[in-house]
Amino acid sequence: MLKKLPLSLLMFAALSFSGKTIVAQETDAKIYDIISKISADSIEADIRKLISFGTRNTFSDTLSDTRGIGAARRWIKSEFDNIASDCNCMDVFYQKDFVTKEDGSRIPKDAWVVNVVAIQKGTKYPNRYIIMSGDIDSRASNTMDFKIDAPGANDNASGMAGTMEAARVLSQYEFENSIVYVGLSGEEQGLFGGKGLAEYAKKNNWDIIGILNNDMIGNIEGVDGVISNRDFRIFSEPVPPIETENERNMRRFYGGEVDGISRQLARYIHKTTQIYMPEMNPMMIYRLDRFGRGGHHRPFNDLGFAGVRIMEAHENYNRQHQDIRTENGIEYGDVIEGVNFDYAKKLTAVNAINLASLAWAPPAPKKVEIGGIVEANTKLRWEAVKDAAGYKIYWRDTTAPQWQHSRFIDKNLTEFTLDGIVIDNFFFGVSAVGKNGHESVVVFPSGTFR
Ligand SMILES: [Zn+2]
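Thresholds applied
- Residues numbered from 1 in each chain as written.
- Predicted model: local features only at pLDDT ≥ 70, side-chain atom pairs only at ≥ 80, totals over all residues.
- Helix = DSSP H or I, 4+ residues; strand = E, 2+ residues; numbered from the N terminus.
- Rg over C-alpha atoms; globule rule 2.2 N^0.38 Å.
- Buried ≥ 20, exposed ≤ 12 C-beta atoms within 10 Å, placed from the backbone.
- Contact = placed C-beta atoms within 7 Å.
- Expected span 1.5 Å × (residues − 1).
- Pairing = 2+ DSSP bridges.
- Domains from an automatic or database assignment.
- Nonpolar A, V, L, I, M, F, W, Y, C, P; charged D, E, K, R; others polar.
- Axes fitted to C-alpha atoms, helices over the stretch in contact; angles between N-to-C directions.
- pLDDT = per-residue confidence, 0-100.
- Parallel < 35°, antiparallel > 145°, perpendicular 65-115°, else oblique.
- Left-handed = near helix turned anticlockwise from the far one by under 90°.
- Core = buried A, V, L, I, M, F, W, Y, C linked by C-beta atoms within 7 Å.

### Let's talk about the overall build of the protein
Secondary structure summary: the protein contains 10 helices and 19 strands in total. The C-alpha atoms of the protein give 22 Å as radius of gyration, which agrees with the globular expectation for 450 residues (22 Å, within 12%). Its C-alpha atoms put the protein at 65 × 50 × 45 Å along the principal axes. Taking all 450 residues of the protein together, the buried fraction comes to 50%. Looking at the protein alone, contacts between residues at least 24 apart form 75% of all its contacts between residues at least 6 apart.

See below:
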């Protein structure tokens with residue numbers, strides 16, 4: 001049934017049933033293979049190992065082989081090294097920056113903030129990177145206390161373990177773009193590890209597709225009693241913080257308030273999940289992060305890179321940033337009992353299939369421009385993407401969160417007119433489609449023409 005047909009024949013078919021659009025689309029069997037290979041047992045074993053280091057506070061002991069963040073990051077590196085030697089496809093290294101007490105109010109002493117980076121080099125576009133991150137570090141009630149136990153089972157051994165498991169599975173495949181698997185440090189004291197790696201990436205001219213930051217992907221029981229192993233959240237900021245005054249002005253007249261690069265990445269993840277893991281309930285959250293709170297995608301956003309936070313939907317604050325204790329009959333602490341390994345496996349699979357789709361996809365079109373003022377038609381044009389099998393023009397109602405309509409465009413065209421579609425009533429975007437059927441992120445127009 002899923003026989004490969006030429007793309008142009010079978011890219012997309014949409015049927016309408018009582019107002020609900022049902023999308024039938026070609027799928028890639030390799031993506032289902034990836035989902036089935038992600039192991040809850042392996043994630044559980046990694047979380048248990050990470051907890052065994054007692055505390056992973058960024059300022060904890062670095063010399064011991066059994067306790068503290070030093071032992072934890074050496075173990076993570078050795079795991080990445082093992083994966084690398086099996087596949088012969090990965091560079092593994094430490095990336096580090098020195099922080100001093102002057103760098104922030106939550107720094108108890110000067111120390112190195114050390115990230116563990118594993119890069120699976122792309123065969124065709126080695127300098128294009130899609131990144132998955134988790135955090136090495138943990139904290140107790142007082143983030144300055146780097147001696148007390150801080151197991152950080154969910155926050156954020158779950159994200160770290162998911163990142164390692166994605167590396168184990170995806171290293172069995174070859175990709176056109178590079179995939180980065182990274183354990184970041186210093187999250188709890190001011191997002192220092194993410195800042196360090198984002199600056200490293202910028203300095204080395206990485207062409208970043210985006211970062212999928214995983215922070216707490218294992219708790220299914222909310223502090224309010226809601227239990228769900230289906231819901232999860234994708235946080236994305238509306239527009240990049242580095243936009244210029246001119247770009248901000250343009251938005252007033254041409255739109256784009258909810259169409260920044262991070263939001264497009266979030267839509268991509270939402271869509272891929274709905275196609276391949278329909279049992280899950282991805283929630284698009286239209287904000288940078290939780291109310292007033294932070295995560296390691298932000299330093300990437302700060303430098304103008306696309307990035308989202310993937311996490312559980314129902315948080316349990318009794319199990320976050322808490323000393324292990326019982327008070328008034330309530331158990332506090334981020335312990336292993338608060339982690340659901342099957343759920344962490346599902347969210348790891350969400351990451352893995354999106355890393356794979358994006359790493360198999362051609363680059364997104366550049367210089368996407370739109371026209372159609374005072375016309376009954378909408379026109380789009382873009383720069384040709386070498387090796388693309390074609391493009392897809394998307395559009396949606398101005399109030400719709402997801403792209404609703406699309407049209408496949410032959411690879412020989414770099415301009416197209418949508419007859420009878422009035423520009424005022426929709427938002428538009430363009431993606432590039434590869435010969436393998438995988439698709440880039442949708443690009444919102446950044447210019448106009450007549
Ligand atoms: Zn935290």
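### A closer look at helix 8 (residues 261-276)
Here helix 8 is 16 residues long and its end C-alpha atoms lie 23 Å apart, about the 22 Å a rise of 1.5 Å per residue gives. Of all 16 residues making up helix 8, 12 are buried, and the element is well covered by its neighbours. When helix 8 is considered as a whole, its buried residues turn out to be Ile 261, Ser 262, Arg 263, Gln 264, Leu 265, Ala 266, Arg 267, Tyr 268, Ile 269, His 270, Thr 272 and Thr 273. Residues of helix 8 that are buried make contact with strand 7 (207-214), strand 8 (231-235), strand 9 (281-285), helix 9 (298-302), strand 10 (307-312) and helix 10 (341-360).

### Considerations on the sheet that holds strand 17 (residues 415-418)
Strand order in the open sheet made by the 4 strands is 17-14-13-19, with mixed pairing throughout. One side of each edge strand has no neighbouring strand; the edge strands of this open sheet are strand 17 and strand 19 (447-448). Sheet topology note: the strand 13 (residues 369-371)/strand 14 (residues 378-381) ladder contains 3 bridges and is antiparallel. Bridged to Ile 370 within strand 14 is Leu 380.

### Focus: the domain arrangement of the protein
It is common to report an interface's size as the accessible area lost on association of the parts. Per the domain assignment, the segments of the protein are domain 1 (38-360) and domain 2 (364-448). Of note, the centres of domain 1 and domain 2, computed from C-alpha atoms alone, are 31 Å apart. Domain 1 puts 14 residues into the contact, and the matching count from domain 2 is 11 residues. Listed by contribution, the elements that provide at least two residues to the side of domain 1 that touches domain 2 are helix 8 and helix 10. When residues of the side of domain 1 that touches domain 2 are assigned to their parent elements, the largest contribution, 6 residues, is made by helix 8. When the residues that make up the side of domain 1 that touches domain 2 are grouped by side-chain class, the tally is 6 nonpolar, 5 polar and 3 charged.

### Section: helix 4 (residues 69-87)
Within an α-helix, residues lying three or four positions from one another point in the same direction, as the helix has 3.6 residues per turn. With 19 residues, helix 4 should cover 27 Å at 1.5 Å per step; its first-to-last C-alpha distance of 27 Å lies within 8% of that length. By the burial criterion, the buried members of helix 4 are Ile 69, Ala 71, Ala 72, Arg 73, Ile 76, Glu 79, Phe 80 and Ile 83. At the C-terminal side of helix 4, Asn 88 shows a positive phi close to 55°.

### What about unusual backbone geometry?
Excluding glycine, most residues fall at negative phi; most peptide bonds, likewise, are trans. A cis amide bond links Asp 155 with the next residue in sequence, Asn 156, at an omega value of 5°. As for its position among the elements, Asn 156 is in helix 5 (residues 153-170). One non-glycine residue, Val 374, lies in the positive phi region at around 45°. Among the structural elements, Val 374 can be located in the loop between strand 13 and strand 14. Here Val 374 falls in the exposed class, since 7 other C-beta atoms lie within 10 Å of it.

### Concerning the sheet that holds strand 7
Overall, mixed pairing links the 8 strands, which are arranged 3-4-6-5-7-10-8-9 in an open sheet. Of all the strands in the sheet, the pair left with one neighbour each is strand 3 (90-99) and strand 9. Each strand axis lies, on average, 25° off the axis of its neighbour in the sheet, ignoring direction. The strands touched by helix 5 are strand 4 (111-120), strand 5 (125-135), strand 6 (177-184) and strand 7; relative to strand 5, the strand with the most contacts, the crossing angle is about 145°.

### Some remarks on the confidence of the model for the protein
Here the protein averages 94 in pLDDT, while 94% of its residues score no lower than 70. Throughout residues 1-24 the model reports pLDDT below 50, and contacts reaching past four residues in sequence, or to other chains, amount to 24 contacts.

### Quick notes on the environment of Phe 291
Locating Phe 291 in the fold gives a position in the loop between strand 9 and helix 9. Residue Phe 291 is classed as exposed on the basis of its C-beta count, with 6 C-beta atoms lying within 10 Å. Distance from Phe 291 to Asp 103, taken between C-alpha atoms, is 24 Å for residues 188 residues apart in sequence.

### Some words on the packing of helix 5 against helix 10
As a packed pair, helix 5 and helix 10 sit with axes 9 Å apart at the nearest point and diverge in direction by 50°. It follows from the interaxial angle that helix 5 and helix 10 lie oblique. Here helix 5 and helix 10 pass one another in a crossing that is right-handed. Contacts from Ser 158, Ala 161, Gly 162, Glu 165, Ala 166, Val 169 and Leu 170 of helix 5 reach helix 10 at Ala 344, Leu 347, Thr 348, Asn 351, Ala 352, Leu 355 and Ala 356.

### Let's talk about the nonpolar core
In terms of nonpolar packing, the biggest core is built from 105 residues, with Ile 131, Ile 310, Ala 352, Leu 355 and Ala 356 touching the most fellow members. If one sorts the elements of this core by residue count, helix 10 sits on top with 13 residues. Setting aside residues no more than four positions away along its own chain, Ala 356 makes contact with Ile 31, Ile 34, Leu 170 and Tyr 173.

### What to know about the packing of helix 8 against helix 10
Contact pair helix 8 / helix 10: the axes reach a minimum separation of 10 Å and the direction vectors enclose 110°. Relative to helix 10, the element helix 8 lies roughly perpendicular. From helix 8, Tyr 268, Ile 269, Thr 272, Thr 273 and Tyr 276 reach across to helix 10, where they touch Val 350, Ile 353, Asn 354 and Ser 357. Considered class by class, the residues forming the contact of helix 8 with helix 10 number 5 nonpolar, 4 polar and no charged.

### Notes on the environment of Ala 400
Following the sequence through the fold, Ala 400 ends up in the loop between strand 15 (390-397) and strand 16 (405-410). Here Ala 400 falls in the partly exposed class, since 13 other C-beta atoms lie within 10 Å of it.

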